[in-house]
Amino acid sequence: MSATPLPPPGQAPPPPGPDGAGALPPPPGTDMTGICFRDQLWLNSYPLDRNLVFDYFALSPFYDITCNNESLRSRQIHPLDMSQLTKMTGMEYVLSDVMEPHLFVIRKQKRESPEKSNAMLAYYILDGSIYQAPQLCNVFASRISRAMHHISKAFTVACSKLEKIGNVEAESDAAASESKTQKEAIDLKELKRIDHILSSLKRKIGAAPPPPPYPEGYVPPSAEQEKAPDDVLASEAPPQLDPIIDQGPAKRPRFQ
């Protein structure tokens, strides 16, 4: 028979007692979700079924000897006999769910009358190991705490990735500005080189020669006479109409 206390994560195991053994488990009825009980010698000697499971449960530290089931055992009555338990009042254990031989669920409740009982705690035996089932509020608190931990961790990872993205963008912008500056500097050098070439060619070729003189007898048009083609066409007078050709067919004489 062994009752193995399982300390919560992050806490040291309980200090040993005066005789070197571990500290005693808390009394039944308190929070004992960190304790696991298993008696391998008993399991090797007896089968674990609905008839003997309560005797096995009575060996664990979860069992309260002041229950009504213990009173039935002292009178050589099966401790799970509901016909006898409903006649009594007080604290009792009942077998609520069974999946032989792997799972047994035992509920601790307080009976006030044959028809009324209030559930207090629940215990389950899984493949020979006995545990106290956690309360619903503790399950919700644990799940919410775990979810908050993962959400906080996700935000931390996301923030670190955003910082890396910002650094990469800043580096890319700096590289782009640097390349743009270098390109502008290269274009300026090329422009200066072209100007130098053109200046040297101009010095070698020299100035343009003057235009040749007009031939003899040629009178250059004055500025007033130089007009645009449209202006010239607009200023031209309409042509004179031919009285014979342009006036239509001649009238024939009328004979009387």
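From a predicted model like this one, the values you see are computed outputs, not experimental measurements. (Residues numbered from 1 in each chain as written. Predicted model: local features only at pLDDT ≥ 70, side-chain atom pairs only at ≥ 80, totals over all residues. Heavy atoms only, no water.)

Visitor: Please explain the overall build of the chain as it appears in this structure.
Guide: Across its full length, the chain carries six helices and six strands. Counting across all 256 residues of the chain, residues that qualify as buried make up 17%. Residue pairs in contact within the chain that sit at least 24 positions apart in sequence constitute 44% of those at least 6 positions apart. Entry remark: accessible area of the chain is about 20,100 Å², with carbon and sulfur atoms responsible for 60%. (Helix = DSSP H or I, 4+ residues; strand = E, 2+ residues; numbered from the N terminus. Buried < 20%, exposed > 50% of the residue type's maximum accessible area, 1.4 Å probe, protein only. Contact = heavy atoms within 4.5 Å. Areas by Shrake-Rupley, 256 points an atom, 1.4 Å probe, with all protein chains shown as cover.)

Visitor: Teacher, can you tell me more about unusual backbone geometry here?
Guide: Among all residues save glycine, negative phi is the norm, and among peptide bonds the norm is trans. Pro-101 follows Glu-100 through a cis peptide bond whose omega is -5°. Mapped onto the elements, Pro-101 comes out in the loop between strand S3 (90–99) and strand S4 (103–111). Residues other than glycine seldom take positive phi values, yet Gln-76 does so here, at roughly 60°. Counting through the fold element by element, Gln-76 comes out in the loop between helix H3 (68–74) and helix H4 (82–85). Using a relative accessible area of 74% as the deciding quantity, one classes Gln-76 as exposed. Backbone geometry places Asp-127, a non-glycine residue, at a positive phi of 55°. Following the sequence through the fold, Asp-127 ends up in the loop between strand S5 (117–126) and strand S6 (129–132).

Visitor: For this particular structure, what's the right way to read the packing of aromatic side chains?
Guide: Any pair of aromatic rings gets described here by the distance separating the centres and the angle formed by the planes. For the structure on display, the rule yields 13 aromatic pairs. Judged by centre distance (5.5 Å) and plane angle (85°), the ring pair of Phe-54 and Tyr-63 falls under edge-to-face. For Tyr-63, a relative accessible area of 7% translates into the label buried. Here Phe-57 and Tyr-123 contribute two aromatic rings whose centre-to-centre distance is 5.5 Å and whose plane-to-plane angle is 55°, an arrangement assigned as tilted. Residue Phe-57 is found in helix H2 (residues 53–57), and its partner Tyr-123 is found in strand S5; the two are separated by 66 residues along the sequence. Accessibility expressed as a relative area gives 1% for Tyr-123, which makes it buried. (Phe/Tyr/Trp six-rings, centres within 6.5 Å; stacked < 30°, edge-to-face > 60°.)

Visitor: Help me understand the confidence of the model for the chain in this model?
Guide: Reading fine detail from the predicted coordinates is not recommended where pLDDT is low. In this model, the chain carries a mean pLDDT of 76, and residues with pLDDT of at least 70 account for 64%. Across residues 4–22, where pLDDT falls below 50, the model places 16 contacts with residues more than four positions away in sequence or in other chains. (pLDDT = per-residue confidence, 0-100.)

Visitor: Explain the nonpolar core to me, please; I cannot follow it from the model alone.
Guide: Note on soluble globular proteins: their nonpolar side chains tend to be buried together. If you look at the biggest cluster of nonpolar residues, it comprises 23 residues, and the most contacted ones within it are Leu-48, Tyr-56, Phe-57, Phe-62, Tyr-93 and Ile-125. Secondary-structure elements contributing two or more residues to this core are strand S2 (35–38), helix H1 (40–45), H2, S3, S4 and S5. Sequence-distant contacts of Leu-48, defined by excluding residues within four places in its chain, comprise Trp-42, Leu-43, Val-53, Tyr-56, Pro-101, Phe-104, Ile-125 and Gly-128. (Core = buried A, V, L, I, M, F, W, Y, C linked by side-chain atoms within 4.5 Å.)

Visitor: Teacher, can you tell me more about the pattern of salt bridges here?
Guide: It is possible for side chains of opposite charge to pair when their charged atoms get near one another. Considering all chains together, one arrives at five salt bridges under this definition. Linking Glu-100 and Arg-50 is a salt bridge whose minimum nitrogen-to-oxygen distance equals 3.5 Å. Linking Glu-100 in the loop between S3 and S4 with Arg-50 in the loop between H1 and H2, this pair joins segments that are 50 residues apart in sequence. Across the pair Glu-92 and Arg-111 runs a salt bridge whose closest N-O atoms are separated by 2.8 Å. Separated by 19 residues along the polypeptide, Glu-92 in strand S3 and Arg-111 in strand S4 bring together distant segments of the chain. For the pair Glu-92 and Arg-111, a shared accessibility class is recorded, and that class is buried. Bridged by salt links that share partners, the residues Asp-55, Glu-70 and Arg-73 form one connected network. (Salt bridge = Lys/Arg side-chain N within 4 Å of Asp/Glu carboxyl O.)

Visitor: Could you clarify how one ought to interpret the environment of Ala-133 in this entry?
Guide: Looking at the secondary structure, you find Ala-133 in the loop between S6 and helix H5 (136–205). For Ala-133, a relative accessible area of 21% corresponds to the partly exposed category. In this structure the C-alpha to C-alpha distance between Ala-133 and Asp-31, which are 102 residues apart in sequence, comes to 9.5 Å. Apart from the residues lying within four places of it in its own chain, the contact partners of Ala-133 are Thr-33, Ala-122, Tyr-123 and Tyr-124.

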